[in-house]
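# Observations on the model geometry
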Amino acid sequence: MSSEITQTPGKGEPTEAVITPVGSTPVGEQKSGKIRWTMIALWAAVISLLALLGWGLMKTNATRPEAGQPAPYFDVEFFDGYQWDNKSVADLNDMRGNVVVLNFWASWCVECRLEADLIENTWRNYADDNVIFLGVAYADVEPNSISYLDEFGITYPNAPDLGTDISDTYEITGVPETFFIGKDGVIEHVQIGPLNQATMDRVIQKLLQEEGA
Amino acid sequence: MRKNNRLLQMFLIVLVLALSAVSAVAQDDSQNRTVTDDEVNEIARDVYCPVCENTPLDVCQTQACADWRELIRTKLASGESKQDIFDYFARQYGDGVLANPPRRGVSLVMLWVLPVVLILLGLLLFSRYMRGLRVSEPDTAVASGPNSAMTIPPEVSQPAPDDYLARVEKELKRTDE
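Moving on to the overall build of chain B. Scanning chain B from terminus to terminus reveals six helices and two strands. Ordering the α and β elements of chain B from the N terminus gives α-α-α-α-α-β-β-α. The burial tally for chain B puts 11% of its 177 residues in the buried class. Counted over contacts in chain B with a minimum sequence separation of 6, partners at least 24 positions apart contribute 36%.

Here the focus is the nonpolar core. Formed by 61 residues in total, the largest nonpolar core has its most connected members in A:A106 and A:V136. Every element with two or more residues in this core is listed here: β5 (99-105), α2 (110-125), β6 (131-137), β8 (177-181) and α5 (197-209) of chain A together with α2 (37-44), α3 (63-77) and α4 (82-93) of chain B. Every residue in contact with A:V136, bar those within four places of it in the chain, is listed here: A:V76, A:L102, A:N103, A:F104, A:A159, A:D161 and A:I166.

Let's shift gears to the sheet that holds strand β9 (residues 187-192) of chain A. Residues and elements named next belong to chain A. Spatial ordering of the open sheet is given by β7-β6-β5-β8-β9, a layout of five strands whose pairing is mixed. Only two strands of the sheet have a single partner each, and these edge strands are β7 (158-160) and β9. On average, each strand axis in the sheet is tilted by 15° relative to the strand beside it, whichever way the strands run. Judged from the five bridges that link them, β8 and β9 form a sheet pairing that is antiparallel. Its bridge partner lying in β9, F180 is registered against H189. Of the strands in this sheet, β5, β6, β8 and β9 touch α5, which is tilted by about 170° from β9.

Following the sequence through the fold, A:T164 ends up in the loop between β7 and α4 (165-169). According to the C-beta neighbour criterion, A:T164 is buried, with 20 such atoms within 10 Å.

Residues and elements named next belong to chain B. On average, chain B scores 80 in pLDDT, and the residues at 70 or more come to 75%. Every residue in residues 140-145 is under pLDDT 50, and counting partners more than four places away or in other chains gives 18 contacts. On the interface metric, ipTM, the complex scores 0.73, and its pTM is 0.66.

The side chains of a regular strand alternate between both faces of the sheet. Residues and elements named next belong to chain A. Summarising burial for β5: seven of the seven residues are buried, a large majority. With seven bridges connecting them, β5 and β6 associate as parallel partners. Across the sheet, the residue bridging to L102 is L134, located in β6. Read as a crossover between parallel neighbours, the route from β5 over α2 to β6 is right-handed. In this sheet, β8 lies alongside β5 in antiparallel orientation, the contact comprising five bridges. Within β8, the position partnered with N103 by the bridge is T178.

Criteria and thresholds
Residues numbered from 1 in each chain as written. Chains lettered and ligands numbered in written order. Predicted model: local features only at pLDDT ≥ 70, side-chain atom pairs only at ≥ 80, totals over all residues. Helix = DSSP H or I, 4+ residues; strand = E, 2+ residues; numbered from the N terminus. Buried ≥ 20, exposed ≤ 12 C-beta atoms within 10 Å, placed from the backbone. Contact = placed C-beta atoms within 7 Å. Core = buried A, V, L, I, M, F, W, Y, C linked by C-beta atoms within 7 Å. Pairing = 2+ DSSP bridges. Axes fitted to C-alpha atoms, helices over the stretch in contact; angles between N-to-C directions. pLDDT = per-residue confidence, 0-100. Right-handed = clockwise from strand over helix to strand, strands pointing away.

Here's what the structure looks like:
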């Protein structure tokens, strides 16, 4: 960087020397402006990365929604012949105002077979009471799912868990697992393992008595 | 001549029929060929069991995995490629069941973009740090006056403190006297 020396004479001798780097002020300002923006960009990148990592960790450590919590949103594409309300695709919001019994099952699951008849019979009992039974086949091979539904004469709406999206959202730990969702979309009861008639009747009766949203 | 033409026509018809029959048989054969366990396992080892964590399909003993292996066998027998089968599993059961998930969505960001961004960020910070070290090293500036080429220590280019200036002026006055 070049410099200039300005001499102020006093009794023939320079008494003061002010050294000013040529054009130092504008370049310096530009440089500090650049540095400031670089730092802002760097911090923005770091914060974004941390947020992304945090989100990933939260997703990994997410826990199953429990009783008293709103039921997470999902949508389903039903098996042919197992639609709900003549729709081949539906979501939880469409079902708002009804009691929803969301049952995760699989054709390879031995315990699911223990509750299959019970769920079908209960569905038939409450068919006129605004209770929707929805079976979701978890990690199952479609032809096997259909064979299972035929084998147990199941008539309530059923759908595959495409991309395991629903089971991931509900953080299920296995099958069978059943979520009882109230008319207001809040989970009333979570059943891990096979259901029994007493529990089903008790929870459904309670939910039917509640005011809907 | 007319008879010859008729014979040629008949020959061509028979040839076309024979070729289509051979092609149909060949196609049918390729779509219903016997698939060996090795072929199934070659794909199954890159797919994870949906029930047991971190267990590849080829060694898992659960019924779910047996069903999935059978599904792979059926798809191979019907002529689907390895990639077709991986795509089917990803679509049906999620990217998480694949040992090498496709580079898209969150996995693209977490496995590919994030490390590259972090490395670039690290390099940038490192270069800035190194540049900072260089700037803070003692430097000398050369005055470019018309008659002088004197070397000015860096501290001269900084504004001198008031008491220092006062002292210099005092010394200069004393020398003048």
